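Overview (structure and organization)
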Amino acid sequence: MTVYLDSSVILRFVLQQPDLLPQWGRWESAFTSELSRIEVFRAIDRIRLEGRLDDQGLSDYVGRANTTFAHFHEIFLDRPILTRATLSFATVIGTLDA
């Protein structure tokens, strides 16, 4: 199975949150976008800035995130993809879906 994982799914794994994707790790290949990398590391930094993460926790999360992303194929967003994401869609699209 080939999967695409967004930042919300990746963060559940990195932050060891409940309700992890049941099929986590049971795929032949996994893809994510470079935007997911940015969102995951920004979320980790936000937790640090809120004072909910000490230095060891920060190191653990960053290390886990880096190891996780090393196993994914990363899709880089070029200008046509970014332009299309800003245009209207036929259905309602949330921020993470866009």
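Here's what I pulled together on the structure shown here. The structure presented is a predicted model; accordingly, all values stated were derived computationally and were not measured. Sequence order as written defines residue numbering, which begins from 1 separately in each chain. Residue-level local features of this predicted model are given only where pLDDT is at least 70; pairs of side-chain atoms are given and counted only at 80 or more, and the full residue set underlies all totals for whole chains, interfaces and linings. Only hydrogens and water are set aside when side-chain values are computed; all heavy atoms of the structure are taken into account.

1. What about the environment of Phe 13?
Which entries qualify depends on this criterion: Per the convention used, a helix needs a DSSP run of H or I reaching at least four residues, while a strand needs a run of E reaching at least two, with both numbered from the N terminus. Whether two residues are in contact is decided by their heavy atoms, any of which lying within 4.5 Å being enough.
With respect to the helices, strands and loops of the structure, Phe 13 is situated in helix H1 (residues 7-14). Here the alpha-carbon distance between Phe 13 and Ala 65, two residues 52 residues apart in the chain, equals 8.7 Å. What Phe 13 contacts, discounting residues up to four positions off in sequence, is Leu 20, Trp 24, Arg 64 and Thr 68.

2. Description of the side chain of Asp 45
To be explicit about the condition: Relative accessibility decides the category of a residue: with a 1.4 Å probe and only protein chains considered, values under 20% of the type maximum give buried, values over 50% give exposed, and everything between is partly exposed. We call two N or O atoms a polar contact when they sit within 3.5 Å, provided that within protein one can donate a hydrogen and the other can accept it, with sequence-adjacent residues counted only if both atoms are side-chain atoms.
The residue Asp 45 is located in helix H2 (residues 34-49) in this model. On the basis of relative accessible area, Asp 45 is assigned to the buried category, the value being 19%. Within the structure, Asp 45 has its side chain in polar contact with the side chain of Arg 48 (distance 2.8 Å).

3. A short note on H2
The criterion, for reference: Each helix should span, by expectation, one fewer than its residue count multiplied by 1.5 Å.
Here H2 spans 23 Å end to end across 16 residues, near enough to the 22 Å set by a 1.5 Å rise per residue. Within H2, the full set of buried residues consists of Ser 36, Val 40, Phe 41, Ala 43, Ile 44, Asp 45 and Ile 47. Against the buried residues of H2 lie strand E1 (2-4), H1, strand E2 (29-33) and helix H3 (55-70). Phi turns positive, to about 80 degrees, at Gly 51, one or two residues after H2.

4. Focus on unusual backbone geometry
The phi angle at Gln 16 is positive, at roughly 55 degrees, despite the residue not being glycine. Accessibility expressed as a relative area gives 57% for Gln 16, which makes it exposed. Phi is positive for Asp 19, which is not a glycine, with a value near 65 degrees. Relative accessible area serves as the criterion here: at 66%, Asp 19 is assigned to the exposed category.

Functional significance is not addressed by these values, which are geometric in nature.
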